[in-house]
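This is what each chain is made of:
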Amino acid sequence: VTLPLGDKVEDLKLKMTSKSIPLREWAERALETIDVSALANESFTSSFGADSFSWPADIRRSLALSSDIYLTSALKVARSLTNQICEAEEDGGCQQLLPTPGTNWADSVTVHLSDNPIDMYEGDLQPLPFSPQNRRSDPRELQDMLNSLIPDHSLFEKEDDVEGATSAYHNVALAEFVSSPNNDGNNGSLKDKTQCIYSLGIVFYDLFSGGERHPDITPQINSKPRAMDESGGVEGDAVEPVQYHGQAREPIPRGDSCTFDLSGKLNILDKIGDVGDLFENLDDGRLFDNVLQIPNKKRGPQIIGSTMRSVSVDPLRLKGLPVRLCDLIGNMIDCVNGDLSGDEAYRNMSDVRSDLQLMLDKPSRFLYDMDLDKVAVTGLQLDEAVFDREMDLSTLQNSYRRSISGENECAIIVGSSGIGKTVLANRLGSFASALGGLFLSGKFDQLQHAKPFSALASAFNEYCDKMSSEGRSSHLQVVASKLRIALGREALHLVKVIPNLSIILGEHVGEHDEDQDCVDAQKRLQYLLCQFVGVISSFSGAPVTLFLDDLQWADAASISAINQILLVSRSLHAKRQFFFLGSSREEGMLEEHPFKNMLSSISLIGVHATIVKLACMDKEMTNTMVSDLLCLSPRLTRPLSEIIFHKTKGSPLFFSQLMISLCKDNLVRLSLSRRRWEWDEEKILSRKLPDDVATFLTSTIGRLPQEVQTALETLSCFGATDCVVIEALETKFGNLIGPLEVAVAEGVLDKINGSYSFGHDRLQEAAYNMIQPEDRCIFHFKYGVALVPRSLELQDDGMLFVATSQINRGGPAAVKDAEQALLIANLNLTAGLKAMELSDFSSAFSFFDNGISFLRKRHWQEHYDLSLQLFENCSKCALVIGDITSLSLLSEQIITFSKSFEEKLNAMYNTVSALAYASQLPESVNRSILVLSQLGETLPESCSESDTKFYIEQTNVMLKGFATDGELINYKTMDDPNKIMAMKFYARLELSFQMTKPAAQPIVTMKMVQLSIARGMSPMSPLGFTYFGQLLARLGDIREGCRYVRIGRNLLDRIGSKVLARLGDIREGCRYVRIGRNLLDRIGSKEVAGEVIATGTQIMCFLEPVQATLEIHVQGHDTAMAAGDTHAALYNSACYVATSFWAGTKLSVWRKQYAQAHRLGEEHSHLTFLAHIIQLEKNVSMLMGTKDSNVTEIQYVQDLREGNPHASYTFALQKMYISFMLREYEQMKAFAEKYFDFNLHTWALLYLHTAHTFYAGLVSFWVYRQSNDPMWAERARKAKFMMKKWADCNEWNFQNKLLLLEAEEAFCYNDIDSAKSLYEKALSSAREHRFIHEEALTHELAGHFFLEIEMKDTAVEHFMQAHEKYHSWGAVAKSNALFEFVQQVLGTMSSLDASPLPNFSSSTDGHEDDGVKNARKRTSEWSADTWDKSV
């Protein structure tokens, strides 16, 4: 089948189901359906009446013609016709189907109307062209009358108009040319495209005039002339009344058109064409007769005469049509007989199509007239929509949608300065806000050193303002409640950074006593920020987008906080709707940049970062921007855009500044007569411009008055600053605010809420570069000194930070004398201490370090106290930020010049802490022991088991002096500073000894308890009593050990967490809860809270179900993070991950828990922690059979294990375990021997150790059965003995393990009956106590037992039950391996079913596919007899 021109299948279907109508008749009908009475104002209706039929005909018709409804419908018709011609040009074989070019094309146009309503274009609509906002300069009488009639609203704003808009005559589906029957096919094949453009222009004139023929156009000569009727119309053109709103209406009379005398001769083009049979290849030639209105049989040729001449479009202007539409038609008609009579005449039809599409897509820019009054005042205005980056915006929008839907994703915009990063981000902000979201933004500044975390604080302050002022009261109450719970008493520290948070939480948040008992205030603040984001992204009632600009200037503390927010947001509540958007210059993406390292960090745990890289614009995009900016067709702006592109090289910032400059210089100007922008290409070409945007911006600023330049230079030293700073500078130097206001008017500065900021950071750089380099330090110093008195007077910390930073930029070289240097050093000390209060230790370190630089020679001798404070605080900040080199140098100075040993202790403690964090444990231990000896506390070099028991008895004797626990809790407080420091060093040694000298750890514990009894309770005492309880439990007295664990926990006062109630409410708990509550008001220490909770919770597993204690470790992690104690937080995470695994948590869930813990360990470079958990994750990957595990044996973990017996012991245990689970005997035996070799005597007792003992016992029984070596039997019996002691105290956690060990023992000694009974009891216990992994293991070992005694049917049953349980646990690879073992031992399974049992898939998401479900169903239906028959 050969389809006609441009007829796609969809178009043909549309024609077959639509109503067809000639163009002029359609125009009349479409106009009649428009209720013009809705367009008149009250003044007009009161004068002329409400009945629109009584109004003047020209008024009625012009109102209808210029309405949004008709213009949109007519533009669709025009676009459809243009598209048909363009397709004909592209497909030359179909050109013969078009009419012969001429003035009578309109007679060949058919409009197809859809039966289904088609939505009109409702976006971007503007007030009608006649409204006061769009007054025209045309002084003609008709236009003035129209201006007085139209109210200030669009046609679509009334319901009746909407009803009219859905009229069938406006549901334009398609318009097309129907070839004349007299066309002989010799129409020139569109060789002269300008003739077609001219002919289509005449059609458009008819179309947009409502079907009127131009008076200067010669009528058709192919049919007999029709007489004119009395109304001036042509006979046969009359249109019957139409039904509108239920009543018949008479057609709007056609008014007289204005005619003009045009020079030029009439050019006649006669074409004779012959239309053949178009559908001769179709079986039924009449199929499309009704659609195309072409008779099936051939007709003879007819002569079609047409006159092509230049005509004016002024009659259309008089009807009130938009000037741009009239210009489009005029530029088409200017193509007369192939001669272009105007510079802007169209040269090809594709340009016409593009311009029509722009009018439909962006009517406010390309169809409706500009508001000349407004533009004359404002000049050329660049807005965000001008910068066309639709593809990049779409990428960000998709990333936003995925993120707020729960996926772990953020987006980063990267590009050079001035490329349009901020503009693109703000467009996404508009998109998010339009969908009801909250868009929060902050900006980093290279030169600005205001309040710490200024960008984050600005964004979150904005959130608090929006929540309290935008009618979100219902959500505000929920957010406030959740924040109070999440932040607790620590909220005060966050309010210091986010002042407006007090609006949400209430003023009472500041009434709590400040608590500086914090290991690392910066980590605490990061934790609080994460809690804040978690709440607002889950309960604000709208998605929250956080945009931070210029991340390449972000300080280390802010980068760390952002990193933490992104990592923690991954595991937030399922309802969270949070999206992070950042922008950075290209240098921020370099490998050595902290921001790039942050992106690498978050990618490791599954947070995907969508990177949008922006490049400079090409020629086409530049032309698009110029076209949008000037509201002119791209074909008209192309010459100008090529000049602009040559000048700017496609830089958006350079482009915008150049366009504004050209407008100010009147090289691009507004023409009131043409109602559009004009330009002088020659003058623009001749203008000399710098080669780069920086020089251009500098020259732009240089053209401003001198006082404005000076003011901008001053502001550039600060970046962005608030009105208080400006007022202080104004008071000191004068003549600043006035010039800055001039800069605002010139567009160089922005002013928001009284604060001044540069419109772009390149403008700031340009202004700053105008200051001579040698003068910059003087300027900074001068401005800083000027701000200090005002900051102290107002007690404004933000201004103090700004002033101190400015002085520090000046440096010691700018100081006049020693007295001034001393004042500045004190000022830095004050600023540093305030920064520490805000948990910005990076800024605090900088302040202290600068303060030290201002000290003169002999400062230790002449200004000892100031020197000591600066060095001590600087060393503390160095410890927090991990600058070990600086810490070492600072500590060396303190130790050298301190006047007393006591003043050296803090530096010594910071040093040993840094060594421990860096996993240099032996060095940390040696230094701690040395310091303790100087404090009068000695530790034995070696300690035997008998020595340890002696110390325990000695301690118990001392404790017997307290009749009740209450007496112990209410004991005096330690007041000796040296002993308090000794307790801190002892506390540091507890975990270090566990790793390096486990046999000596009890001595440290005893020392802490004894020192507390002798000298009173210190903040470290809770840790000592907790470890003492652990020690007693290890010796077998579980209950007494737990008693002291509770006492240790109850010594924690201000942790303010639910953990206390949870831990206290166990057997005998009521009495201990009272003990703890009574002591809460006296002694407490967050500094050891996390470690106490971790250790104590492990002991509580000997009394409570282990599954119930897991959440306490989570709370312990949160408590430690709230105190800034990342070491204890990691300790809780390690205990949580390991305990969760041994408790039988589903492996798919466990891996998510592990990912968070591993991320935390890597973030804080805690090597010891990583060494203990990496192999565990490897084991899980092997059990699950996942091939995508990224876990590798990191070199530093290998090195650490070589020097750390505890890490080596854990590694051997894990390798022994996985070999045992995979039934790899030789490897299991080898690692078991290493495990027992490394299993040095340790006094620590954790629940984790019970799992080690359990599997070591199972391995020993297996090796004994194979080797008959009594050594292995003895090892197994010891494991069983320990398990029995624990089971006597807690059946829930240990009964099934004890029974399984006893069953394996009976198996070894061939006690068949006992073994059968014990296996069944072990299964029942594991099932009852919810240890699914150990239930699976018991089934498997029972299977091997029954296989050994040749009870194959029972063995198969147990193996298949193990197969199912392993799969339920998530150990798919183990499940499949067991199945393969059954196949190998018992024979093929092909006879069981037509399709054999498939291996379970390795899905880790907790869901089963259909194949797995069917396999499980068949497994449950198989009987032992079936298996036996197969064997």
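As a reminder, the structure under discussion sits directly above these lines.
This is a predicted model, so every value here is computed, not measured. The residue numbers shown here count from 1 along each chain, following its written sequence. Selection of residues for local features in this predicted model requires a pLDDT of at least 70, selection of side-chain atom pairs for listing and counting requires 80 or more, and totals for whole chains, interfaces and linings are taken over all residues. In computing side-chain properties, one takes all heavy atoms of the structure into account and sets aside hydrogens as well as water.

Draft legend 1. Structural context of the overall build of the protein. Across its full length, the protein holds 66 helices and 20 strands. In this scheme, a residue with accessible area under 20% of its type's maximum is buried, one over 50% is exposed, and one in between is partly exposed, where area comes from a 1.4 Å probe on protein chains only. Relative to its full complement of 1431 residues, the protein shows a buried share of 57%. In these tables, accessible area is a Shrake-Rupley quantity obtained with a 1.4 Å probe, and a residue counts as shielded only by the protein chains included in the view. With the model as given, the accessible surface of the protein reaches about 58300 Å², and the carbon-plus-sulfur share is 49%. Note on conventions: DSSP H or I runs of at least 4 residues are helices, E runs of at least 2 residues are strands, and numbering of each starts at the N terminus.

Draft legend 2. Molecular detail of the environment of Phe1345. Residue position: Phe1345 is located in helix H62 (residues 1332-1348). Assessed through its relative accessible area of 0%, Phe1345 is described here as buried. Residue contacts follow a heavy-atom distance rule, with two residues in contact if any of their heavy atoms lie within 4.5 Å. If near-sequence neighbours (up to four positions away) are discounted, Phe1345 is found in contact with Phe1307, Ile1312, Ala1315, Lys1316 and Tyr1319.

Draft legend 3. The arrangement of the nonpolar core in detail. Joining through side-chain atoms within 4.5 Å is the link that ties buried Ala, Val, Leu, Ile, Met, Phe, Trp, Tyr and Cys residues into a set, and such a set is a nonpolar core. With 160 residues, the main nonpolar core has Phe460, Tyr463, Leu501, Phe532, Phe580, Leu630 and Leu712 as its most contacted residues. Apart from residues lying up to four places away in sequence, Tyr463 is in contact with Leu438, Leu440, Val479, Ile504, Phe532, Ile536 and Ser540. Val1263, Ala1303, Phe1331 and Phe1346 belong to the second-largest nonpolar core, a separate cluster that totals 80 residues.

Draft legend 4. A look at the side chain of Lys1215. Its location among the elements puts Lys1215 in helix H56 (residues 1205-1221). Contacts of Lys1215, omitting those with residues within four sequence positions, involve Gln1175, Gln1227 and Phe1231.

Draft legend 5. Spatial organisation of the packing of aromatic side chains. Ring pairs are drawn from Phe, Tyr and Trp, using the six-membered ring of Trp, whenever the two centres fall within 6.5 Å, and their geometry is named by plane angle: stacked under 30 degrees, edge-to-face over 60, tilted for the rest. The tally for this structure, following the rule as stated, stands at 39 aromatic pairs. Taken together, a centroid distance of 5.0 Å and an interplanar angle of 65 degrees make the contact between Phe460 and Phe532 edge-to-face. With Phe460 in helix H17 (residues 454-469) and Phe532 in helix H21 (residues 521-539), this pair connects stretches of sequence that are 72 residues apart. Here the two residues Phe460 and Phe532 agree in accessibility, since each one is buried. Plain terms: the ring middles of Trp1286 and Phe1294 are 5.9 Å apart, the flat faces sit at 45 degrees to each other, and that makes the pair tilted. Put simply, the rings of Phe1141, Trp1142, Trp1150, Tyr1154, Tyr1217, Phe1220, Tyr1225, Phe1254, Tyr1255, Trp1262 and Trp1369 touch in pairs and so form one group of aromatic residues.

Draft legend 6. Broad picture of the sheet that holds strand E12 (residues 409-414). The five strands lie next to each other as E13-E14-E15-E12-E16, forming an open sheet whose pairing is parallel. Each edge of the open sheet is held by one strand with a lone partner, namely strand E13 (438-443) and strand E16 (608-613). Averaged over all pairs of adjacent strands, the angle between their axes in this sheet comes to 20 degrees, without regard to strand direction. Angular values range over 0 to 180 degrees, each being the angle between N-to-C directions of two axes fitted as lines to C-alpha atoms, with helices fitted over their stretch in contact. Sitting on the sheet, helix H15 (residues 390-404) is in contact with E12, strand E14 (544-549), strand E15 (578-584) and E16, with an inclination near 145 degrees to E15. Strand pairing follows a simple DSSP-based rule, namely that at least 2 bridges must link the two strands.

Draft legend 7. Region of the structure containing helix H12 (residues 349-361). To estimate the expected span of a helix, count its residues, drop one, and scale the result by 1.5 Å. Over its 13 residues, H12 runs 18 Å from end to end, which matches the ideal 18 Å to within 8%, given 1.5 Å per residue. Buried within H12 we find Met349, Val352, Asp355, Leu356, Leu358, Met359 and Leu360.

Draft legend 8. Local environment of the pattern of salt bridges. In the sections that follow, a salt bridge refers to a side-chain nitrogen of Lys or Arg positioned within 4 Å of a carboxyl oxygen of Asp or Glu. Using the criterion set out here, one finds 36 salt bridges in the structure. A salt bridge links Asp107 to Arg213, with the nearest nitrogen and oxygen atoms 3.5 Å apart. Here the residue Asp107 occupies a position in the loop between helix H5 (68-90) and strand E2 (109-113), and Arg213 occupies one in the loop between helix H8 (193-208) and strand E4 (242-244), the gap between them amounting to 106 residues. According to the relative accessible area criterion, Asp107 is partly exposed, its value standing at 33%. Between Glu390 and Arg427 there is a salt bridge, with the nearest N and O atoms lying 2.7 Å from each other. In this pair, Glu390 sits in helix H15 while Arg427 sits in helix H16 (residues 421-434), placing the two residues 37 residues apart along the sequence. Judged by relative accessible area, which is 14%, Arg427 ranks as buried. Counted as one network, the salt bridges with shared partners bring together Arg24, Asp107, Asp206 and Arg213.

Draft legend 9. Representation of helix H60 (residues 1291-1308). Along its 18 residues, H60 runs 25 Å from first to last C-alpha, staying within 8% of the 26 Å computed at 1.5 Å per residue. With 14 of 18 residues buried, H60 lies mostly within the body of the structure. At the N-terminal boundary of H60, the capping side chain belongs to Asn1290, with an oxygen 3.1 Å from the backbone nitrogen of Trp1292. Count one or two residues on from H60 and you reach Asn1310, which has phi positive near 60 degrees. For this analysis, a polar contact is any N or O atom pair within 3.5 Å, provided that within protein one partner can donate a hydrogen and the other can accept it, and provided that sequence-adjacent residues contribute only side-chain to side-chain pairs.

Draft legend 10. Up close: the sheet that holds strand E1 (residues 19-22). The antiparallel open sheet is built from three strands, whose spatial order is E1-E2-E3. The open sheet has two edge strands, E1 and strand E3 (172-177), and neither has a second partner. With strand direction ignored, the average angle separating the axes of adjacent strands in the sheet is 25 degrees. With five bridges connecting them, E2 and E3 associate as antiparallel partners. Bridge assignment links Thr110 to a residue of E3, and that residue is Glu176. Sheet strands in contact with helix H2 (residues 23-32) are E1, E2 and E3, and its direction is about 100 degrees off that of E1.

Note that every value here comes from positions in space, so none of it alone points to a role or purpose.
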